[in-house]
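Breakdown of the fold
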Amino acid sequence: MSKIKPSKGAPYARILGVGGYRPTRIVPNEVILETIDSSDEWIRSRSGIETRHWASDEETVAAMSVEASGKAIADAGISAEQIGAVVVSTVSHFKQTPAVATEIAHKLGTAKAAAFDISAGCAGFGYGLTLAKGMIVEGSAEYVLVIGVERLSDLTDLEDRATAFLFGDGAGAVVVGPSQEPAIGPTVWGSEGDKSETIKQTVPWTDYRTGEVEKFPAITQEGQAVFRWAVFEMAKVAQQALEAAGITSDELDVFIPHQANERIIDSMVKTLKLPETVTVARDVRTTGNTSAASIPLAMERLLATGEAKSGDTALVIGFGAGLVYAATVVTLP
Amino acid sequence: MAATQEEIVAGLAEIVNEIAGIPVEDVQLDKSFTDDLDVDSLSMVEVVVAAEERFDVKIPDEDVKNLKTVGDATEYILKHQA
């Protein structure tokens, strides 16, 4: 039997840089109220959301990703040619093939980086980060770009009073690279396909194409079931991620949960009994729920405003349609 | 030992007080969680989970919508507690 030379990667991986892009159009609750019977007070009290960003025709999934990635690459202090792989998590890129990651890799000027899309809903960032860490430690890429990007406004039913106000658009990206010290903890992740009806696209595209349904597909969810799962089941997963990383909540600096809804965030903080010293991301107030983009966008904002600093220890957890989830402890770039 | 109706109402009152800040004496059998006690649909989930722990009972999502009043919840717990 011939001997295959083993691949050689870095001892560990870390997030080296982060970047975000928020579309220029800011949409206040008043605009949402044009199509649903609700109130600003109701929306704020149920979700914490005051405004969200909606993308224009020019702010495509690829364009927003290139903007966010450019910032992340600059923040990491590397050049695009050094990137070995581009992983894009999205559920709102409406061209099935080719993967949008290839266009993004090309536009950024990477040197033929491996590029592919993944579908893991609101847990997409954590899934991408886990893949990136594996690639770096295994040796198939030195630097990996992980992008979470959504145009959920395209998948929003503006007449559904339970979800019309929830979603926003944007892109968040991180550059993951080699490290001499552990800076991305073990990922606690999984799926619960028995709960696939809890958050879903209303109908398949094919039903729309054949005219079986007149309304464009949208994302719908069972609010109470999602809330219970997100708060109580995900708090357990978050706790497991802390334990897997050997970090106590007292040692934690920052908590960046998926920005689904501020009520979920509040209840998670309470259930996890996080000390008041932990900075909690609440980007949802002005960004809405941007699914896979929400964690890197929130991370970028916390660092930009000085609420968090480079080197801080952060717990990140994504959870959503699938149902799927991923939690890990990271050192902030 | 299974809780009595009185104990369940008292327990629910404490839970509603903690979650929604409603005075315990306002939590009566005929009170609607949403209309009288200002417990919205998301807070109701928190009440349900706290009640599950306290009274050792399982209240699945599909049953939560039927628990409109404190009396509904009390009756449900009385019937289903372990």
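Residues numbered from 1 in each chain as written. Chains lettered and ligands numbered in written order. Predicted model: local features only at pLDDT ≥ 70, side-chain atom pairs only at ≥ 80, totals over all residues. Heavy atoms only, no water.

Turning our attention to the overall build of chain A. Tallying secondary structure elements over chain A gives ten helices and 14 strands in all. For 333 residues, the compact-globule estimate of 2.2 N^0.38 gives 20 Å, and the C-alpha radius of gyration of chain A, at 19 Å, lies within 12% of that figure. Taken over the C-alpha atoms alone, chain A extends approximately 65 × 50 × 40 Å along its principal axes. Residues classed as buried in chain A amount to 56% of the 333 residues present. Taking the contacts inside chain A whose residues are at least 6 apart along the sequence as the reference set, 77% of them involve residues at least 24 apart. Accessible area for chain A stands at about 14200 Å²; split by element, carbon and sulfur atoms hold 51% of it. (Helix = DSSP H or I, 4+ residues; strand = E, 2+ residues; numbered from the N terminus. Rg over C-alpha atoms; globule rule 2.2 N^0.38 Å. Buried < 20%, exposed > 50% of the residue type's maximum accessible area, 1.4 Å probe, protein only. Contact = heavy atoms within 4.5 Å. Areas by Shrake-Rupley, 256 points an atom, 1.4 Å probe, with all protein chains shown as cover.)

Here we take up helix H2 (residues 41-55) of chain B. For H2 of chain B, which comprises 15 residues, the first-to-last C-alpha distance of 21 Å matches the rise-based estimate of 21 Å (1.5 Å per residue) to within 8%. Judged by how many residues are buried, H2 of chain B sits mostly within the fold: eleven of 15 residues are covered. Among the residues of H2 of chain B, Leu-42, Ser-43, Met-44, Val-45, Glu-46, Val-47, Val-48, Val-49, Ala-51, Glu-52 and Phe-55 of chain B are the ones counted as buried. Packing partners of the buried residues in H2 of chain B comprise helix H2 (40-47), helix H7 (223-245) and helix H8 (262-272) of chain A together with helix H1 (5-20), helix H3 (61-64) and helix H4 (70-80) of chain B. The residue sitting at the N-terminus of H2 of chain B and contributing the capping side-chain oxygen is Asp-40 of chain B; that oxygen lies 3.0 Å from the backbone nitrogen of Leu-42 of chain B. (Expected span 1.5 Å × (residues − 1). Polar contact = N/O pair within 3.5 Å; in protein donor to acceptor, adjacent residues only side chain to side chain.)

Residue and element names in this part refer to chain A. Contact geometry for helix H3 (residues 61-76) and helix H4 (residues 100-108): axes closest at 9 Å, N-to-C directions at 50°. The orientation of H3 with respect to H4, classified from their angle, is oblique. Crossing handedness for the pair H3 and H4: right-handed. Taking contact as the criterion, the partners of Val-61, Ala-62, Ser-65, Val-66, Ser-69, Gly-70 and Ile-73 in H3 are, on H4, Val-100, Glu-103, Ile-104, Lys-107 and Leu-108. Split into classes, the residues belonging to the contact of H3 with H4 amount to seven nonpolar, three polar and two charged. (Axes fitted to C-alpha atoms, helices over the stretch in contact; angles between N-to-C directions. Parallel < 35°, antiparallel > 145°, perpendicular 65-115°, else oblique. Left-handed = near helix turned anticlockwise from the far one by under 90°. Nonpolar A, V, L, I, M, F, W, Y, C, P; charged D, E, K, R; others polar.)

The next subject is the packing of aromatic side chains. Aromatic ring pairs are reported here in terms of the distance separating the ring centres and the angle at which the planes meet. What the rule picks out here adds up to eight aromatic pairs over all chains. Through a chain of ring-to-ring contacts, the aromatic side chains of Phe-94, Trp-205, Tyr-208 and Phe-216 of chain A assemble into a single cluster. (Phe/Tyr/Trp six-rings, centres within 6.5 Å; stacked < 30°, edge-to-face > 60°.)

On to unusual backbone geometry, then. All names here are of chain A. Here the bond from Thr-97 into Pro-98 is cis, since omega is 0°, no more than 30 degrees from zero. With respect to the helices and strands, Pro-98 occurs in the loop between strand S4 (83-89) and H4. Cis peptide bonds are those with omega within 30 degrees of zero, and the linkage from Gly-322 to Leu-323 qualifies with -10°. Tracing the sequence through the fold places Leu-323 in the loop between strand S13 (313-320) and strand S14 (324-331).

This part takes up the pattern of salt bridges. What the rule picks out here adds up to 23 salt bridges over all chains. One salt bridge connects Arg-228 of chain A with Asp-61 of chain B, and the closest N-O pair in it is separated by 3.1 Å. With Arg-228 of chain A in helix H7 and Asp-61 of chain B in helix H3, this pair bridges two chains. Taking the relative accessible area as the measure of exposure, Asp-61 of chain B reaches 30% and is therefore partly exposed. (Salt bridge = Lys/Arg side-chain N within 4 Å of Asp/Glu carboxyl O.)

This paragraph deals with the UniProt feature "domain: Beta-ketoacyl-[acyl-carrier-protein] synthase III C-terminal" (unreviewed entry) in chain A. Look at the UniProt record and you will see "domain: Beta-ketoacyl-[acyl-carrier-protein] synthase III C-terminal" (unreviewed entry) annotated at residues 242-331 of chain A. Taken end to end, residues 242-331 of chain A comprises 34% helix and 24% strand; its first and last C-alpha atoms sit 13 Å apart. (UniProt positions renumbered as here; feature names shortened; annotations may be inferred.)

Another aspect to go through is the nonpolar core. Membership of the largest hydrophobic core comes to 49 residues, with the highest contact counts inside it found for Ile-32, Met-234, Phe-255, Ile-264, Leu-315, Ile-317 and Phe-319 of chain A. Contributions of two or more residues to this core are made by H7, H8, S13 and S14 of chain A together with H2 of chain B. The element best represented in this core is H7 of chain A, accounting for twelve residues. Residues lining this core come from more than one domain, with at least three contributed by each of domain 1 (12-181) and domain 2 (185-332) of chain A. With sequence-adjacent residues up to four places away left out, Ile-32 of chain A is seen in contact with Val-27, Ile-43, Arg-52, Trp-54, Ala-164 and Phe-165 of chain A. (Core = buried A, V, L, I, M, F, W, Y, C linked by side-chain atoms within 4.5 Å. Domains from an automatic or database assignment.)

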